[in-house]
Amino acid sequence: MESILITGGAGFIGQNLVHAWRAARPTDRLVVLDAMAYAANIRSLQPLIADRSIVFVKGDVRDAALIRSLFEEHNPTRVAHLAAESHVDRSIVDPEAFLQTNVLGTFTLLNTALDAWRSAGALGHARFLHVSTDEVYGSLGPADPPFSESSPYRPNSPYAASKAASDHLVRAYVTTYGMPALITNCSNNYGPYQHPEKLIPLMIIHALEGKPLPVYGDGSNIRDWLHVSDHCDALLAVLARGRIGETYNVGGGNERNNRDVVGLICDTLDRAFARDTRLAARFPSCPAATGGSCRSLISYVTDRPGHDHRYAIDSTKLAGELGNRPGIDFEHGLEPTVQWYLDHESWWRDVTSGAYKAWIDKNYGFRIAV
Ligand code: NAD
Ligand code: TYD
């Protein structure tokens, strides 16, 4: 039995990781720390909180005193650090929040974990996994080879720069202080619980509401789509068997341009409406409700400044060293993802209305341990 601290556990990947961890290692003590910023939602964690399968703490990774108290109380020997500001467009509008959480937050967590593990004589068997992004490597041209772990860092957005800074800090802590840390750099995730500000849920929800589907630029930008459950499997493998001080790239092997991704979402929704005639009554503004196609909503809009053209990941190291490979190809992963949003309308309405967040503040306060 281990005690593990998951930061950002109420976010998209964090919630999926909490469930994946619980399923894979049911006897571990799981402590989830999350500031409950706008992208967070603990609805899916509530049954685990209620039956005491996890301890949920509302708090900030920049709060050293809180982190110290969590180490004193729960003695985690594993940390999976996912808490972050994660949206490129928001980083363009408000970069400071990204420096605060992604850089200062990572520093505070690293430093406090190092102190705690040193004092407990736990450095020899503890592990700190820093979850990062392929965006630190910058942008690829159409014929460039995919990013490998030795690709140079060339971040282009404030988000990518803040994640790059945090990766460098983690690396420096390994080299300077012997911090038992590992880094993963993954490609774009998709799947259940993703906040509707990100491409895939945004397009699904806009289409259901009959709103334009805003594709930036000409839609030729390419991302390598990784199903979140494949990502969680990789995180479990790296935490369990990865080599300290190493970086592992995690990709989905699913390069698609945005035009094709949005087109596929539209086709998937059109098919869902044709299959289930009750959807027309629930979403009357969707073109598919009246026999049209969601593709009619596609609208190309002003590009994102500094928009990276292409990301692609070479996951050879992860597969070769740890035997971990993604199992879900994009078309197979997209269909159930679209269905998940159709089946969880109240979830995304809560997230988009802000009412759920207000409820959380009222009911949970600063710190809750059950
Ligand atoms: P998310 O935005 O859905 O969740 C982030 C979580 O962090 C939220 O629950 C938020 O409340 C929490 N948080 C924010 N600031 C905090 C703070 N100061 N203290 C404590 N908690 C705080 O993001 P995600 O998509 O789940 O991403 C998780 C991690 O994976 C991030 O580090 C991100 O950089 C990385 N990543 C994500 C993707 C992707 O496609 N989603 C791709 C590559 C890397
Ligand atoms: P996003 O989900 O924001 O992830 P990232 O910027 O981290 O890759 O965007 C994925 C791609 O979709 C990216 O190329 C930007 C594009 N995009 C749009 O075309 N329209 C949108 O409304 C959004 C949110 C993204």
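A brief report on the enclosed structure follows.

Criteria and cut-off values
- Residues numbered from 1 in each chain as written.
- Chains lettered and ligands numbered in written order.
- Predicted model: local features only at pLDDT ≥ 70, side-chain atom pairs only at ≥ 80, totals over all residues.
- Heavy atoms only, no water.
- Helix = DSSP H or I, 4+ residues; strand = E, 2+ residues; numbered from the N terminus.
- Rg over C-alpha atoms; globule rule 2.2 N^0.38 Å.
- Buried < 20%, exposed > 50% of the residue type's maximum accessible area, 1.4 Å probe, protein only.
- Contact = heavy atoms within 4.5 Å.
- Areas by Shrake-Rupley, 256 points an atom, 1.4 Å probe, with all protein chains shown as cover.
- Lys, Arg positive; Asp, Glu negative; His and termini not counted.
- Charge placed at Lys NZ, Arg CZ, Asp CG, Glu CD.
- Core = buried A, V, L, I, M, F, W, Y, C linked by side-chain atoms within 4.5 Å.
- Pairing = 2+ DSSP bridges.
- Axes fitted to C-alpha atoms, helices over the stretch in contact; angles between N-to-C directions.
- Near = heavy atom within 4 Å.
- Polar contact = N/O pair within 3.5 Å; in protein donor to acceptor, adjacent residues only side chain to side chain.
- Nonpolar A, V, L, I, M, F, W, Y, C, P; charged D, E, K, R; others polar.
- Phe/Tyr/Trp six-rings, centres within 6.5 Å; stacked < 30°, edge-to-face > 60°.
- Lys NZ or Arg CZ within 6 Å of the ring centre and 35° of its normal.
- Salt bridge = Lys/Arg side-chain N within 4 Å of Asp/Glu carboxyl O.

Turning to the overall build of the chain, a few remarks are in order. Of the regular secondary structure elements, the chain holds 14 helices and 13 strands. Here the C-alpha radius of gyration of the chain, 20 Å, is about what a compact globule of 370 residues would show, namely 21 Å. Across its three principal directions, the C-alpha atoms of the chain cover 65 × 50 × 40 Å. Counting the 370 residues in the chain, one finds 56% classified as buried. Restricting to contacts in the chain with at least 6 residues of sequence separation, those with at least 24 account for 82%. Of the accessible surface of the chain, which amounts to about 14800 Å², a share of 53% is contributed by carbon and sulfur atoms. Between the averaged position of the 35 positive side-chain charges in the chain and that of its 41 negative side-chain charges there is a distance of 4 Å.

It is worth spelling out the nonpolar core at this point. Formed by 70 residues in total, the largest nonpolar core has its most connected members in Ile200 and Leu269. Excluding residues that lie within four positions of it along the chain, Leu269 makes contacts with Ile204, Ala207, Leu208, Cys294, Val338 and Leu342. Counting 26 residues, the second-largest nonpolar core is a separate cluster that includes Leu5, Val55, Ala181 and Ile183.

With that settled, the discussion passes to the sheet that holds strand E6 (residues 181-186). If you walk across this open sheet you meet the seven strands as E3-E2-E1-E4-E5-E6-E11, and the pairing is parallel. Only two strands of the sheet have a single partner each, and these edge strands are strand E3 (54-58) and strand E11 (247-250). Neighbour-to-neighbour, the strand axes of the sheet open up by a mean angle of 20°, direction not taken into account. For strand E4 (residues 78-81) and strand E5 (residues 127-133), the ladder comprises four bridges, and the chain directions are parallel. Bridge pairing in E5 links His81 to His130. Docked against the sheet, helix H6 (residues 158-177) engages E5 and E6, running at close to 155° with respect to E5.

Here the focus is the site of ligand 1. As a matter of local geometry, ligand 1 sits amid 28 residues, with Ile13, Asp34, Ser86, Tyr159 and Lys163 nearest to it. Between ligand 1 and Phe12 there is a distance of 3.0 Å, counted from an oxygen atom to a backbone nitrogen or oxygen. Contacts to ligand 1 include Thr101, whose side-chain N or O atom sits 3.0 Å from a nitrogen atom. When residues of the shell around ligand 1 are traced back to their parent elements, those giving at least two are helix H1 (12-24), E5 and H6. The element best represented in the shell around ligand 1 is E5, accounting for three residues. Per-class residue counts for the shell around ligand 1 are 15 nonpolar, ten polar and three charged.

A few words on the packing of aromatic side chains. Summed over the entire model, instances satisfying the criterion amount to 16 aromatic pairs. Here Phe71 and Trp117 contribute two aromatic rings whose centre-to-centre distance is 5.9 Å and whose plane-to-plane angle is 75°, an arrangement assigned as edge-to-face. Separated by 46 residues along the polypeptide, Phe71 in helix H3 (residues 64-74) and Trp117 in helix H5 (residues 95-119) bring together distant segments of the chain. The residues Phe71 and Trp117 share a single accessibility class, namely buried. Over the ring of Tyr38 we find Arg90; its NZ or CZ atom is 3.5 Å from the centre of that ring. Stacked on the ring of Tyr248, the Lys or Arg Lys317 has its end atom at 4.9 Å from the ring centre.

What the rule picks out here adds up to 20 salt bridges. Note that Arg310 and Glu255 form a salt bridge whose closest N and O atoms lie 2.7 Å from each other. Of this pair, Arg310 sits in the loop between strand E13 (298-301) and helix H11 (316-322) while Glu255 is found in strand E12 (residues 255-257), placing the two residues 55 residues apart along the sequence. A relative accessible area of 6% places Arg310 in the buried class.

So, about the site of ligand 2. Near ligand 2, the surroundings consist of 18 residues, among which Glu135, Pro214, Arg223, Arg304 and His307 are the closest. Between ligand 2 and Leu199 there is a distance of 3.0 Å, counted from an oxygen atom to a backbone nitrogen or oxygen. In this structure, Pro214 approaches ligand 2 through a main-chain N or O atom, which is 2.8 Å from a nitrogen atom. Protein chains bury 96% of the 510 Å² of accessible surface belonging to ligand 2 in isolation. Going through the elements one at a time, helix H7 (199-208) and strand E8 (213-216) are the ones with two or more residues in the shell around ligand 2.

This part is about the side chain of Thr247. Here Thr247 lies in strand E11. If we ignore the near neighbours within four places in the chain, the residues touching Thr247 are Tyr137, Glu149, Ile183, Asn185 and Lys317.

Our next topic: the environment of Val250. If you trace the backbone, Val250 turns up in strand E11. For Val250, a relative accessible area of 2% corresponds to the buried category. Excluding residues within four positions of it along the chain, Val250 makes contact with Thr184, Asn185, Cys186, Ser187, Leu226, His231, Ala234, Ile313, Ser315 and Leu318.

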